[in-house]
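In case you want the letters, here they are:
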Amino acid sequence: MNVLMLRHSAGFEHSYLPHAEVAFKQIGAEQGWSVQTTHQLQRISRDGLAQLDLLVFATTGNLDFDSEQKAAILDFVRNGKGFLGVHNATDTGYDWPEYGQMLGGYFAGHPWHQEVGVIVEDQAHPATSMLGARFQVTDEIYTFKEWDRNKTRVLMRIDNDSVDLEKGNRDDHDYALGWCHEYGSGRVMYTALGHPDALWHEDWFRQHILGCMRWALRIEDA
């Protein structure tokens, strides 16, 4: 399997990114996959994507892709390949609505940066099967706009009893932290976790990332 992680910061530069690069490469080495990372947008091309099985975004801000690059990314997924968005992958591409539609939503704020309870809605999915029915995590908790659980498969959500809902910004108080869906013939996976540097050194979190990758790559189904 060939994987490319794009860690371009056109907005806020997250400190976890170097840790994530190492984690993705180590996971790849353990699985016998080729995993490369880059911050260069020019690495994304139709010819380059043709060599890949999975594209990972850990990006912020409006990405300076031209129309051909944007079309190539959408076609890459539509035609059967995998896409994985990590944490701030929802905090990007605001000027590219087709990206938000593919991914499932956009960042709408991070009202909670604390330890929260997480309810695992789908314990059979390879991305969440190691997490149990409920777990605790300290992270920067994102909320989302242009997101609808009826358009995706929610894997985990905030335990609303563990946060001050007055700080939230959704009328339905539905705060997912991970989801997946088909896009054309391809697979799209998103995990909102990953802001703290230390998470990328935790075995359970690396297993979560591996599960995200395995599902997006069609190696493992739910």
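All values derive from a computational prediction rather than experimental measurement.

Participant: Explain the pairing of strand β4 (residues 82-86) here, please?
Facilitator: The two faces of a sheet get side chains in turn, since along a regular strand they alternate between them. Of all five residues that make up β4, five are buried, and the element is covered over most of its length. Judged by which residues are buried, β4 turns out to be covered on both faces: Gly82, Leu84 and Val86 on one side and Phe83 and Gly85 on the other are all buried. For strand β3 (residues 54-57) and β4, the ladder comprises four bridges, and the chain directions are parallel. Among the inter-strand pairings, Leu55 is bridged to a residue of β4, identified as Phe83. Between the parallel pair β3 and β4, the chain is carried across by helix α3 (residues 67-78), and the sense of this crossover is right-handed. One ladder, built from five bridges, connects β4 with strand β9 (residues 186-191); its direction is parallel.

Participant: Can you help me understand α3 in this one?
Facilitator: An α-helical turn contains 3.6 residues, so a residue and the one three or four places further along point in the same direction. With twelve residues, α3 extends 16 Å between its outermost C-alpha atoms, agreeing within 8% with the 16 Å of an ideal straight helix rising 1.5 Å per residue. Considered for burial, the residues of α3 that qualify are Gln69, Lys70, Ala72, Ile73, Leu74, Phe76 and Val77. On the buried face of α3, the contacting elements are α2 (46-49), β3, β4, α4 (97-103), β8 (176-183) and β9. Sitting at the head of α3, Asp66 places a side-chain oxygen 3.1 Å from the backbone nitrogen of Glu68.

Participant: What should I look at first to understand helix α5 (residues 203-216) in this one?
Facilitator: Taking 1.5 Å per residue as the helical rise, α5 with its 14 residues ought to reach 20 Å, and the 20 Å between its terminal C-alpha atoms agrees with that figure. Summarising burial for α5: ten of the 14 residues are buried, a large majority. The complete set of buried residues in α5 reads Phe205, Arg206, His208, Ile209, Leu210, Gly211, Cys212, Met213, Trp215 and Ala216. Positive phi appears at Arg218, one or two residues downstream of α5, with a value of about 65°.

Participant: Where do I start with the layout of surface pockets in this structure?
Facilitator: Rolled over the atoms, a probe as big as a water molecule pinpoints where empty space is left. In this model, the largest pocket occupies a volume close to 170 Å³. Taken together, Gly100, Gln101, Gly104, Gly105, Glu146, Trp147, Asp148, Lys151, Thr152 and His181 make up the full set of residues lining the largest pocket. Class assignment of the residues belonging to the lining of the largest pocket gives a composition of one nonpolar, six polar and three charged.

Participant: What am I meant to see in the pattern of salt bridges here?
Facilitator: Opposite charge on two side chains lets them pair, provided their charged atoms get close. Going through the model one piece at a time under the given rule, you end up with 15 salt bridges. Across the pair Glu21 and Arg7 runs a salt bridge whose closest N-O atoms are separated by 2.9 Å. Here Glu21, found in helix α1 (residues 17-31), pairs with Arg7, found in the loop between β1 (2-6) and α1; they are 14 residues apart in sequence, far enough to count as distant. Per residue, the accessibility class of Glu21 equals that of Arg7, and both read buried. Its salt-bridge partner being Glu121, residue Arg149 comes within 2.9 Å of it at the nearest N-O pair. Placement of Arg149 in the loop between β6 (134-145) and β7 (153-158) and of Glu121 in the loop between β5 (106-120) and β6 is noted, with a sequence separation of 28 residues between them. Taking relative accessible area as the criterion, Glu121 reaches 31% and is therefore assigned partly exposed. One salt-bridge network, held together by shared partners, links Arg46, Glu68, Asp75 and Arg78.

Participant: How should I be thinking about the packing of α1 against α5 in this particular structure?
Facilitator: How two helices pack is summed up by the angle between their axes together with the distance between the axes. Remark: α1 packs on α5, axes separated minimally by 11 Å, with the N-to-C direction vectors making an angle of 65°. Taken together, the axis directions place α1 and α5 in an arrangement best described as roughly perpendicular. For the pair α1 and α5, the crossing hand works out as right-handed. Seen from α1, the contacting residues are Ala23, Phe24, Gln26, Ile27 and Gln31; seen from α5, they are Arg206, Ile209, Leu210, Met213 and Arg214. Residues that form the contact of α1 with α5 fall into these classes: six nonpolar, two polar and two charged.

Participant: Would you mind showing me how to read the sheet that holds β3 here?
Facilitator: One key point about sheets: their strands pair by backbone hydrogen bonds, in either a parallel or an antiparallel sense. Read from one edge of the open sheet, nine strands run β2-β1-β3-β4-β9-β8-β7-β5-β6, paired in mixed fashion. Two strands in the sheet have a free side with no partner beyond their single neighbour: β2 (34-38) and β6. The average angle at which neighbouring strand axes cross in this sheet is 20°, direction not considered. For β1 and β2, the ladder comprises five bridges, and the chain directions are parallel. Opposite Leu4, over in β2, you have Gln36 as the bridge partner. Each of β1, β2, β3 and β4 is contacted by α1, which is oriented at about 165° to β2, the strand it contacts most. Sitting on the sheet, α5 touches β1, β3, β4, β6, β7, β8 and β9, and the angle it makes with β9 is about 160°.

Analysis parameters
- Residues numbered from 1 in each chain as written.
- Predicted model: local features only at pLDDT ≥ 70, side-chain atom pairs only at ≥ 80, totals over all residues.
- Heavy atoms only, no water.
- Buried < 20%, exposed > 50% of the residue type's maximum accessible area, 1.4 Å probe, protein only.
- Helix = DSSP H or I, 4+ residues; strand = E, 2+ residues; numbered from the N terminus.
- Pairing = 2+ DSSP bridges.
- Right-handed = clockwise from strand over helix to strand, strands pointing away.
- Expected span 1.5 Å × (residues − 1).
- Contact = heavy atoms within 4.5 Å.
- Polar contact = N/O pair within 3.5 Å; in protein donor to acceptor, adjacent residues only side chain to side chain.
- 1 Å grid on protein atoms, 1.4 Å probe; cavity = no way out; pocket = protein on both sides within 12 Å on 5 of 7 lines; lining within 4 Å.
- Points joined across faces, edges and corners; volume = space filled by probe spheres on them.
- Nonpolar A, V, L, I, M, F, W, Y, C, P; charged D, E, K, R; others polar.
- Salt bridge = Lys/Arg side-chain N within 4 Å of Asp/Glu carboxyl O.
- Axes fitted to C-alpha atoms, helices over the stretch in contact; angles between N-to-C directions.
- Parallel < 35°, antiparallel > 145°, perpendicular 65-115°, else oblique.
- Left-handed = near helix turned anticlockwise from the far one by under 90°.

Spatial relationships are all this shows, so hold off on functional conclusions.
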